[in-house]
Amino acid sequence: MNITLPTLDPLTIIEGKPTYSTLTIASAQLRANARKIPARSDDNGHDFLCMTDAEILERFPDPAAPFDRPTRPEELGLQVAGLTQNQLTERNRIHKEKSDDFKLMLVADTALKTCLLAALNEDYYSVLRNRRTIYANLTTLQILTHLTTAYGRVSNQERKDNVLRLLTPWDPNDPIERIWSRITDINDFAEDAGTPIPPEQQIHDTLLVLNNSGVFAADLAAYDRDVDEVDRTMENLQARFNKANDKRLEHRTAGQAGYQDHANLAQTAELTRLRRQLQQAMAAIRDGTPAPTRVTPATPTTPAPAITPTPAAAPTASPRARHYCHTHGFGLNYRHTSATCQNPGPNHVSTATADNTMGGTLTEMSPRNPANPRS
């Protein structure tokens, strides 16, 4: 049997002493490699080579359909009394199939073991070394079990670092789903460590991350005002701010489209002016009279970028009015900006600024502008 395995990815190198965190990453990468190697007995490939008996039983709980781990088949005789030729042929086919599965499992286990050992300093598994066979007779699972038992306990520092990950800043240009997936990872880690994070703390820290992003001021105020304590669950929080983020992205797209329309209109007006000047000049030449105007092309308008348009000549507020609201214009109140506006218009763009108005109004607010009662 000629066995060719798929290309396996190298594991992330573990520098120094293994920890719960580094071993968790290595185990996940190793099992991803194991699933790449097809197996007749498991839809998850050879993932079973990295699983304990308890984990296998959890995956195959039905006693009537237990996991069938490949084993070395017994040798077959040439003939068996009472079997027909067809029965002998079928017996030989099944025997070859089992033999091939067993050989593939051995090759797969060796490949996975090589991946795992390459990611570690030998100091941390040399206790398993045999002076004659070295590590040849060890299985991948035996090495994983040793590493988990010796170094897989969660340290106090890892627990603290995991909780602090809840406050990792979120970039509004990234999908909001990154916040939710990070929370899932943090909770899984905390549960494995035996120190689950209270739901109230998860919600509190997530609200801080959303607040620090600077794009949900109005939505956070509405959440604080409208959502009862009993309904403040992580599931409801995610659903609410998924909708808020969709609305924010729609407004941003509309604002960019509005700026592009403005730029297109300016280009059209310039082309019309030049065409009129050219027609006048040609008429003057035809009539033998001096041309009434001189055709002077204006500097071509720079096309607006597709994602973050920057106008060729951005509107400039007065020297003191550097705060800007897409709906209400320039003003002196630092608390009234596009992001914090309490009375936004229908096409309000919360990311517009004084330097990049994104098609918003260019007027200046009075010091007592009633459009934003809290300003």
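Here the structure is shown first, and the text comes after it.
It should be emphasised that the depicted structure is a prediction, and the values quoted were computed from it without experimental measurement.

Thresholds applied
Residues numbered from 1 in each chain as written. Predicted model: local features only at pLDDT ≥ 70, side-chain atom pairs only at ≥ 80, totals over all residues. Heavy atoms only, no water. Helix = DSSP H or I, 4+ residues; strand = E, 2+ residues; numbered from the N terminus. Expected span 1.5 Å × (residues − 1). Buried < 20%, exposed > 50% of the residue type's maximum accessible area, 1.4 Å probe, protein only. Arc of directions from axis to C-beta. Patch = residues over 30% accessible without salt bridge, like charges linked within 9 Å, V, L, I, M, F, W, Y side chains within 5 Å. Areas by Shrake-Rupley, 256 points an atom, 1.4 Å probe, with all protein chains shown as cover. Salt bridge = Lys/Arg side-chain N within 4 Å of Asp/Glu carboxyl O. Lys, Arg positive; Asp, Glu negative; His and termini not counted. Charge placed at Lys NZ, Arg CZ, Asp CG, Glu CD. 1 Å grid on protein atoms, 1.4 Å probe; cavity = no way out; pocket = protein on both sides within 12 Å on 5 of 7 lines; lining within 4 Å. Points joined across faces, edges and corners; volume = space filled by probe spheres on them. Nonpolar A, V, L, I, M, F, W, Y, C, P; charged D, E, K, R; others polar. Core = buried A, V, L, I, M, F, W, Y, C linked by side-chain atoms within 4.5 Å. Contact = heavy atoms within 4.5 Å.

Comments concerning helix H1 (residues 20–36)
Between its first and last C-alpha atoms H1 spans 25 Å; for 17 residues at 1.5 Å apiece the expected length is 24 Å, and the two agree. Within H1, burial applies to Tyr20, Leu23, Ala26, Leu30, Arg31, Asn33 and Ala34. End-on view of H1: buried residues confined to an arc of 155 degrees, all on one side of the axis.

Observations regarding a negative patch on the surface
A contiguous patch of negative charge, built from Asp185, Asp188, Glu191 and Asp192, is present on the exposed surface. For Glu191, the location among the structural elements is in helix H6 (residues 177–192).

Observations regarding unusual backbone geometry
In this structure, Ile134 is a non-glycine residue whose phi angle is positive, near 60 degrees. By relative accessible area, which is 31% here, Ile134 ends up partly exposed. With a phi angle near 55 degrees, Met358 is a residue other than glycine that sits in the positive phi range. Its place among the elements puts Met358 in the segment after strand S2 (329–331).

Things to note about empty space enclosed by the protein
It is a probe the size of a water molecule, rolled over the atoms, that shows where empty space is left. On inspection of all chains with the given rule, the structure shows 1 cavity of 30 Å³ or more. Taken as a whole, the largest cavity encloses approximately 40 Å³ of empty space. Ala39, Arg40, Ser41, His46, Pro70, Asp101 and Leu104 together form the lining of the largest cavity. Tallied by class, the residues present in the lining of the largest cavity amount to 3 nonpolar, 2 polar and 2 charged.

Here we look at the side chain of His336
With respect to the helices and strands, His336 occurs in the segment after S2. By relative accessible area, His336 is classed as buried at 1%.

Quick notes on the nonpolar core
Membership of the largest hydrophobic core comes to 33 residues, with the highest contact counts inside it found for Leu11, Leu30, Phe48, Leu112, Leu116 and Leu147. Those elements that provide at least two residues to this core are H1, helix H3 (85–118) and helix H4 (140–151). Per element, the largest residue contribution to this core is 9 residues, and it comes from H3. Those residues in contact with Leu112, other than ones at most four positions away along the chain, are Leu8, Leu30, Asn33, Ala34, His46, Leu49, Cys50 and Thr140. Ranked by size, the runner-up nonpolar core spans 22 residues in total, among them Leu207, Val215, Phe216 and Leu237.

Considerations on the pattern of salt bridges
Counted under the stated rule, the structure contains 14 salt bridges. Residue Glu97 is joined to Arg40 by a salt bridge in which the shortest nitrogen-to-oxygen separation is 3.6 Å. Residue Glu97 is located in helix H3, and its partner Arg40 is located in the loop between H1 and helix H2 (53–59); the two are separated by 57 residues in the primary sequence. Overall, Glu97 belongs to the partly exposed group, its relative accessible area being 27%. Between Glu122 and Arg129 there is a salt bridge, and its shortest N-O distance comes to 3.3 Å. Residue classification places Glu122 among the partly exposed residues on the basis of a relative accessible area of 34%. Each of Arg31, Arg35, Asp42, Asp47 and Arg59 takes part in salt bridges that share partners, so that together they form one network.

Some thoughts on the layout of surface pockets
Roughly 500 Å³ of volume is contained in the largest pocket. Along its surface, the largest pocket is lined by 17 residues, and Ser27, Arg31, Cys50, Glu55 and Thr148 are the ones closest to its centre. Of all the secondary-structure elements, those providing two or more residues to the lining of the largest pocket are H1, H2 and H4. No other element matches H1, which puts 5 residues into the lining of the largest pocket. Taken together, the residues of the lining of the largest pocket break down into 6 nonpolar, 6 polar and 5 charged. Together, 18 residues line the second largest pocket, and Ala218, Asp219, Lys247, His251 and Pro344 are the ones closest to its centre. Within the residue set of the lining of the second largest pocket, elements represented by two or more residues are helix H8 (217–226) and helix H9 (234–287). Broken down by element, the lining of the second largest pocket gets its largest block of residues, 4 residues, from H9. Residues of the lining of the second largest pocket, tallied by class, amount to 9 nonpolar, 6 polar and 3 charged.

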